[in-house]
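Take a look at the letters that make up each chain.
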Amino acid sequence: MQEIFSANRFDAEYYQPKYDDLKSILHRHPVKSLGELVTIQKSIEPGSSEYQADGIPFYRVADLSPFWLGTPSVHLSPRDYATALRPKKDTILLSKDGSIGIACKVEEDLDGITSSALLHLTLVDDACNPDYLTLVLNSSVVKMQAEQAAGGSIIQHWLMDDIRNVEIPLLGREEQAQIQTLLQRAHADRVAANNLLATARRAVECFIEQGEAAALAVLASDSEA
């Protein structure tokens, strides 16, 4: 009973044995709370009435997938949101509402704005690198902690205090560097694959509209680039 009052949670799901098992496994290794490793910033939520077809790209949870940031379908007025928070290189975007616990590292400074459902995490501790932290945030280790914290909600909402208290297991620097190399290689391969897919799409469109010669010209020009 004391545990229930100290946690201030009365939903049975919060006390499932699997969460105790997770903590037991975590505490066999060095850990730090997420709040010790990063600073956390939150952007804006302008409302759908502010959406427009062009302007500054507006990134929402729907545009985020593990390790990958998609192209937004909506934009905001450059004049009205000129000073809003922009994602910077090596910032980790983390979803806290709806589909919670999705993380993606920003590969370069973006002239775009994120919704308030996407937190901006900036490393302030060299105990881990941003690629490794992104991997851990997308892992079942953090997913289970998010699930436990937000499990009592009908609409999932991850509270800031719970996010700061998420425990991050820390590997050695050498192991982290190896993981970072693999993740960066995987990202480069994914970019290359997307570029090939875009080229193939343009070639098919040219074939349908202009014929085989035009399609071959598209393929040739992209292979030279």
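Residues numbered from 1 in each chain as written. Predicted model: local features only at pLDDT ≥ 70, side-chain atom pairs only at ≥ 80, totals over all residues. Heavy atoms only, no water.

Novice: Any chance you could explain the packing of helix 4 (residues 130–137) against helix 7 (residues 173–210) here in plain terms?
Specialist: For any two helices packed against each other, the geometry comes down to the angle between their axes and how far apart the axes lie. Two elements in contact, helix 4 and helix 7, have axes whose closest approach is 8 Å; the angle formed by their N-to-C orientations is 80°. Judged by the angle between their axes, helix 4 and helix 7 are roughly perpendicular. Residues Pro130, Asp131, Tyr132 and Leu135 of helix 4 touch helix 7, and the partners they reach there are Gln176, Ile179, Gln180, Leu183 and Gln184. Class assignment for the residues of the contact of helix 4 with helix 7 results in five nonpolar, three polar and one charged. (Axes fitted to C-alpha atoms, helices over the stretch in contact; angles between N-to-C directions. Helix = DSSP H or I, 4+ residues; strand = E, 2+ residues; numbered from the N terminus. Parallel < 35°, antiparallel > 145°, perpendicular 65-115°, else oblique. Contact = heavy atoms within 4.5 Å. Nonpolar A, V, L, I, M, F, W, Y, C, P; charged D, E, K, R; others polar.)

Novice: Explanation requested: the pattern of salt bridges in the structure shown.
Specialist: One pass over the structure, following the stated rule, counts 12 salt bridges. Lys18 is paired through a salt bridge with Glu147; the nearest N and O atoms lie 3.0 Å apart. Taken together, the residues span a long stretch of sequence, with Lys18 in helix 2 (residues 17–26) and Glu147 in helix 5 (residues 140–150) at a distance of 129 residues. Look at Lys18 and you get partly exposed, because its relative accessible area is 35%. Residue classification places Glu147 among the partly exposed positions, given a relative accessible area of 33%. The partner of Asp90 in a salt bridge is Lys89, and the shortest N-O contact between them spans 3.6 Å. Residue class for Asp90 comes out partly exposed when judged on its relative accessible area of 31%. (Salt bridge = Lys/Arg side-chain N within 4 Å of Asp/Glu carboxyl O. Buried < 20%, exposed > 50% of the residue type's maximum accessible area, 1.4 Å probe, protein only.)

Novice: Looking at this model, I keep getting lost on the sheet that holds strand 8 (residues 103–105). Mind explaining?
Specialist: Two orientations exist for strands paired in a sheet by backbone hydrogen bonds: parallel and antiparallel. As summarised here, the arrangement of the four strands in space is 2-10-7-8, forming an open sheet in which the pairing is antiparallel. Pairing within the sheet leaves two strands with one partner each, and these edge strands are strand 2 (38–42) and strand 8. The mean angle between the axes of side-by-side strands here comes to 25°, regardless of whether they run parallel or antiparallel. The pairing of strand 2 with strand 10 (residues 118–123) spans five bridges and is antiparallel. Opposite Lys42, over in strand 10, you have Leu119 as the bridge partner. Packed on one face of the sheet, helix 4 meets strand 2, strand 7 (92–95), strand 8 and strand 10 and runs near 165° to strand 8. (Pairing = 2+ DSSP bridges.)

Novice: How should helix 7 be read in this particular structure?
Specialist: Since one α-helical turn is 3.6 residues long, residues separated by three or four positions face the same way. For helix 7, built from 38 residues, the straight-helix expectation of 56 Å at 1.5 Å per residue is met to within 8% by its first-to-last C-alpha distance of 54 Å. Burial in helix 7 covers these residues: Gln176, Ile179, Leu183, Thr199, Ala203 and Cys206. Gly211 occupies a position one or two residues after helix 7 and carries a positive phi of about 105°. (Expected span 1.5 Å × (residues − 1).)

Novice: What am I meant to see in the nonpolar core here?
Specialist: Looking at soluble globular proteins, one finds that nonpolar side chains tend to be buried together. Leu34, Leu121, Leu133, Leu137, Trp158 and Ile168 are the most contacted members of the largest nonpolar core, which totals 27 residues. Mapped by element, the contributors of at least two residues to this core are helix 3 (34–37), strand 2, strand 7, strand 10, helix 4, helix 5 and helix 7. (Core = buried A, V, L, I, M, F, W, Y, C linked by side-chain atoms within 4.5 Å.)

Novice: Please explain the environment of Arg201 as it appears in this structure.
Specialist: Within the secondary structure layout, Arg201 lies in helix 7. With relative accessibility at 47%, the residue Arg201 sits in the partly exposed group. The spacing of Arg201 and Ala215 is 14 residues in sequence and 9.9 Å in space, taken between C-alpha atoms.

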